[in-house]
Amino acid sequence: MLQQLAKTLDQAALNAQSVPQLSLETELDLNQAYKVQELSIEERLSRGEKLVGYKLGFTSRAKMLQMGVDDLIWGRLTNTMIVENNASIDLSQYVHPRAEPEIAFKLKKTLSGKITVKEALDAIDGVAAAIEIIDSRYKNFKFSLTDVIADNCSSAGFVIGDWHKPNIDLSNLRMALQANGKDIAVGSSADILDHPINSLVEAARCIALSGEALQPGQIILAGAATAAVALEQDQLISINIEHLSSCNFNTHSS
Ligand code: OOG
Ligand code: MG
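Residues numbered from 1 in each chain as written. Chains lettered and ligands numbered in written order. Predicted model: local features only at pLDDT ≥ 70, side-chain atom pairs only at ≥ 80, totals over all residues. Heavy atoms only, no water.

Chemist: Lay out the overall build of the protein chain in plain terms, naming residues and giving numbers.
Modeler: Counting secondary structure elements, the protein chain contains 6 helices and 12 strands. Computed over the C-alpha atoms, the radius of gyration of the protein chain is 17 Å, within 12% of the 18 Å expected from 2.2 N^0.38 for a compact globule of 254 residues. Based on the C-alpha atoms only, the size of the protein chain along its principal axes is roughly 45 × 45 × 35 Å. Of all intrachain contacts in the protein chain linking residues separated by at least 6 positions in sequence, the fraction that spans at least 24 positions is 76%. (Helix = DSSP H or I, 4+ residues; strand = E, 2+ residues; numbered from the N terminus. Rg over C-alpha atoms; globule rule 2.2 N^0.38 Å. Contact = heavy atoms within 4.5 Å.)

In structure tokens:
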């Protein structure tokens, strides 16, 4: 049964075709929801995709309020989700994509289980401004906690700016997402679990529960500082975070 649900969600993402929320028919518990996510990622890996990291979700109050979900969640990132900086994305490859302002970490050490903030800081190779593209595979972008976990936490794509050395104070940086040069969502890095480093600590802890560890070279998205914004055609979406290089993408529709 879990395998079938994983295939349904994988196909929905592949075909950019929404499906009804799983919870309307099947009540999954948290472990089962993460299992569906893992099986759906196995579908991707069996097509040759590579795991490149992890993302956290609902690490800010703005996101929890927007989606009506109040628990931290995590999902997996694969290489086909990478959108090159300055690239153009085809909106027809998504169901109802949204963008959100994020901070990305690149690791130089393995992290797993209960770790301290200092251990997390010591494991960072680089930090960068990022934009996540999320795209729920559920109709109307509506889901329960277990629905969104099974759907790999709406992961669809991400863009990352130039990597900075980690010697930068991330505690309270202005983060502005812009469309065609105008601010559309503004927050602070402090909105992400009080400090984005806490996302890395949480990622190590949560991922260990599934028997996995964060690995050197992997990318971790800390979670959005603001609510997500729906994408439209012919936009230049960019992010500006104090002291970090920005990144951007364009939207078009085929
Ligand atoms: C779930 C993904 C949440 C974040 O940064 O909080 C997320 C969703 O809102 O669809 O990526
Ligand atoms: Mg996100």
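From this point, things continue past the structure.
Chemist: Could you give me a rundown of the nonpolar core, with the residues and numbers involved?
Modeler: One recurring pattern in soluble globular proteins is that nonpolar side chains are buried together. Counting 73 residues, the largest nonpolar core has Phe105, Leu200, Leu214 and Phe249 as the members making the most contacts within it. The greatest single-element share of this core, amounting to 7 residues, is contributed by helix H6 (residues 197–209). Contacts of Leu214, omitting those with residues within four sequence positions, involve Tyr54, Leu107, Lys109, Thr110, Leu111, Leu200, Ala203, Ala204, Ile207 and Ile220. Ranked by size, the runner-up nonpolar core spans 10 residues in total, among them Met81, Ala128, Ala130 and Ile219. (Core = buried A, V, L, I, M, F, W, Y, C linked by side-chain atoms within 4.5 Å. Buried < 20%, exposed > 50% of the residue type's maximum accessible area, 1.4 Å probe, protein only.)

Chemist: Let's hear about the packing of helix H1 (residues 2–15) against helix H2 (residues 30–46): which residues, and what values?
Modeler: At a closest axis distance of 8 Å, the pairing of H1 and H2 adopts a crossing angle of 55°. Judged by the angle between their axes, H1 and H2 are oblique. In this structure, H1 crosses over H2, and the sense of that crossing is right-handed. Here Leu2, Gln3, Leu5, Ala6, Lys7, Leu9, Asp10 and Ala13 of H1 come into contact with H2, specifically with Gln32, Lys35, Val36, Leu39, Ser40, Glu43 and Arg44. Grouping the amino acids of the contact of H1 with H2 by side-chain chemistry returns 7 nonpolar, 3 polar and 5 charged. (Axes fitted to C-alpha atoms, helices over the stretch in contact; angles between N-to-C directions. Parallel < 35°, antiparallel > 145°, perpendicular 65-115°, else oblique. Left-handed = near helix turned anticlockwise from the far one by under 90°. Nonpolar A, V, L, I, M, F, W, Y, C, P; charged D, E, K, R; others polar.)

Chemist: Could you give an account of the pattern of salt bridges, naming the residues involved and the relevant values?
Modeler: Scanning the entire structure with this criterion turns up 11 salt bridges. Between Lys118 and Asp122 there is a salt bridge, with its nearest N and O atoms 2.8 Å apart. In this pair, Lys118 and Asp122 are both assigned in helix H4 (residues 117–122), 4 residues apart and thus about one turn of the helix distant. Relative accessible area serves as the criterion here: at 55%, Lys118 is assigned to the exposed category. A residue is classified by how much of its surface remains accessible, and Asp122, at 34% relative accessible area, is partly exposed. A salt bridge links Glu202 to Arg205, with the shortest nitrogen-to-oxygen separation between them at 2.6 Å. Here Glu202 pairs with Arg205, and both are found in helix H6, just 3 residues apart, close to one helical turn. (Salt bridge = Lys/Arg side-chain N within 4 Å of Asp/Glu carboxyl O.)

Chemist: So what's going on with the sheet that holds strand E8 (residues 182–188)? Residues and values would help.
Modeler: Taken in spatial order, the 5 strands make up an open sheet running E3-E12-E11-E7-E8, and their pairing is mixed. Looking along the sheet, the strands with just one partner apiece sit at the ends: strand E3 (87–90) and E8. Direction aside, the axes of adjacent strands within the sheet are offset by 20° on average. Pairing between strand E7 (residues 174–179) and E8: 6 bridges, direction antiparallel. (Pairing = 2+ DSSP bridges.)

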